[in-house]
Amino acid sequence: MTQESKITRGTAVSFLIFALAFLGALTLSYRDKRSADRGREAQIVLVRIGTAAQEIYSLEWLAIAVRGTSPESEAKLTTARRELLQASGVLPPGTGGGKADDSMASTVSGFVHSTDHQLQLIGARSFEQARDLDFEEVSPQFDLLQHQEREASERDGGFVEKTALKSQIELIIAIALGGLFIGIYFLRTQRHKQLMIAEQAVLQQSEERFRNLTEKSTDIILIVDSAGVVNYASPSIQMVLGSQASVFLDRRIGEIVHAGDVLRLNAAIDQVGAAKDQNGIVDIRLPHSDGRWLHFESTIRNLLQNQNIKGLVFNARDITERKNTEEQLLFSAGHDQLTGLPNRAAFLNRLRVVLERLQRHPEETAAVLFVDIDDLKVVNYCLGHAAGDELIVEV
């Protein structure tokens, strides 16, 4: 067998191996992307269930408060009930993992049954019985439904995030494999005469890519030596934090981050520094030139043994907007959207805490103050619900 035929045979085998690996990675990426899409669909359905249940609960509680229903509120109740049943009916199997979808469907059915019964009592003008039913059945089932919806949403959110990231990694691997095969094929066909040229081109491409990443990326890259001193800061600091990169140089990383993050940061550095080729993730806050503290999710890579780096590489991504959104969602879960006051769920939680405290300290006392607005129904009918909402907010 000649040297030329050996090279040709080797190229064919390499092509087959890379083709199989490329197709495998691409197939896995598509499968995980489909899984992530199904997870997102499940999250949308969960939001529909939560919204419809909140609408039914609020409307029936309002009907008890004003001692009657209007044609408009009855139409809204019918629409919300239909939306809740439709959403629970299309809830993808396995939402939230395990048997969570069956449990949620059962809770939705119980909630609808209780609210239908409550609406019948309201229609019969048995408001006291309707109020009692609210405390005994409707409110507990509504709280349970909200709890299950939140748990399922959190689990599906984590699953979607992990699966989407996995799909992206697999897609990158597939692209990398394709590019690697092209590079190998090019090097083999050009043989030794083109080898040095190809290596130089790869080196220039790598340098250009690193330059583009550090200069144009919105991520902040820091290199910290074994003593915790920053010896490299990417130019993206100017765009993200409004400061020159030189402000970070020759300073300890613990002096730069927020004081409340120092212990958590040191623990992450110790963990990553104790093992080779181990990455860590830590949330830190960095100062903006205007005085604000921005939240960052930082990935730490241990490259202390790398002769070209000799340090810990921090890749920090701005997550301030995400943090603000999470805080807003947490606030909205326990507060009324119209007035900003604590909602029924928050009231019941606080009431439970007070009752538990009274059991421990019977010598103490507590009271619940019920505040009502006279003639609110008249305001709603005469001036519209928008005026009624303004009156509630003003009071």
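Residues numbered from 1 in each chain as written. Predicted model: local features only at pLDDT ≥ 70, side-chain atom pairs only at ≥ 80, totals over all residues. Heavy atoms only, no water.

Whenever I open this one, a nonpolar patch on the surface confuses me. Can you help?
On the surface, a cluster of nonpolar side chains totalling about 250 Å² of accessible area is made up of Leu 26, Leu 171 and Ile 175. You can see Leu 26 is positioned in helix α1 (residues 3-66). Judged by its relative accessible area of 34%, Leu 26 falls in the partly exposed class. (Patch = residues over 30% accessible without salt bridge, like charges linked within 9 Å, V, L, I, M, F, W, Y side chains within 5 Å. Areas by Shrake-Rupley, 256 points an atom, 1.4 Å probe, with all protein chains shown as cover. Salt bridge = Lys/Arg side-chain N within 4 Å of Asp/Glu carboxyl O. Helix = DSSP H or I, 4+ residues; strand = E, 2+ residues; numbered from the N terminus. Buried < 20%, exposed > 50% of the residue type's maximum accessible area, 1.4 Å probe, protein only.)

Could you clarify how one ought to interpret the side chain of Asp 261 in this entry?
Assignment of secondary structure puts Asp 261 in the loop between α6 (253-256) and α7 (262-273). Overall, the relative accessible area of 1% leaves Asp 261 in the buried class. A polar atom in the side chain of Asp 261 sits 2.7 Å from the side chain of Arg 264. If we skip the residues at most four places from it in the chain, Asp 261 touches Asp 283, Ile 284 and Arg 285. (Polar contact = N/O pair within 3.5 Å; in protein donor to acceptor, adjacent residues only side chain to side chain. Contact = heavy atoms within 4.5 Å.)

How should I be thinking about the pairing of strand β5 (residues 311-318) in this particular structure?
Both faces of the sheet carry side chains from a regular strand, because those side chains alternate between them. Summarising the sheet, strand β1 (residues 220-224) and β5 pair through five bridges and their orientation is antiparallel. Paired with Val 224 across the bridge in β5 is Leu 312. In the sheet, strand β4 (residues 293-303) pairs with β5 via eight bridges, with the strands oriented antiparallel. Looking at β5, one finds that Ile 300 is bridged to Phe 314. (Pairing = 2+ DSSP bridges.)

Is there a simple way to explain the sheet that holds strand β3 (residues 279-287) in this structure?
Paired through their backbone hydrogen bonds, the strands of a sheet run either parallel or antiparallel. One open sheet accounts for five strands, arranged β2-β1-β5-β4-β3; its pairing is antiparallel. Every other strand in the sheet has two partners, leaving β2 (230-233) and β3 as the edge strands with one partner each. When strand polarity is set aside, the average angle formed by the axes of neighbouring strands in this sheet is 30°. Pairing geometry for β3 and β4, over nine bridges, is antiparallel. When the sheet's bridge partners are listed, Pro 287 is paired in β4 with Trp 293. (Axes fitted to C-alpha atoms, helices over the stretch in contact; angles between N-to-C directions.)

Any chance you could explain the environment of Ala 259 here in plain terms?
Mapped onto the secondary structure, Ala 259 falls in the loop between α6 and α7. Put simply, Ala 259 and Arg 285 are 26 residues apart on the chain and 8.9 Å apart in space, counted from C-alpha to C-alpha.

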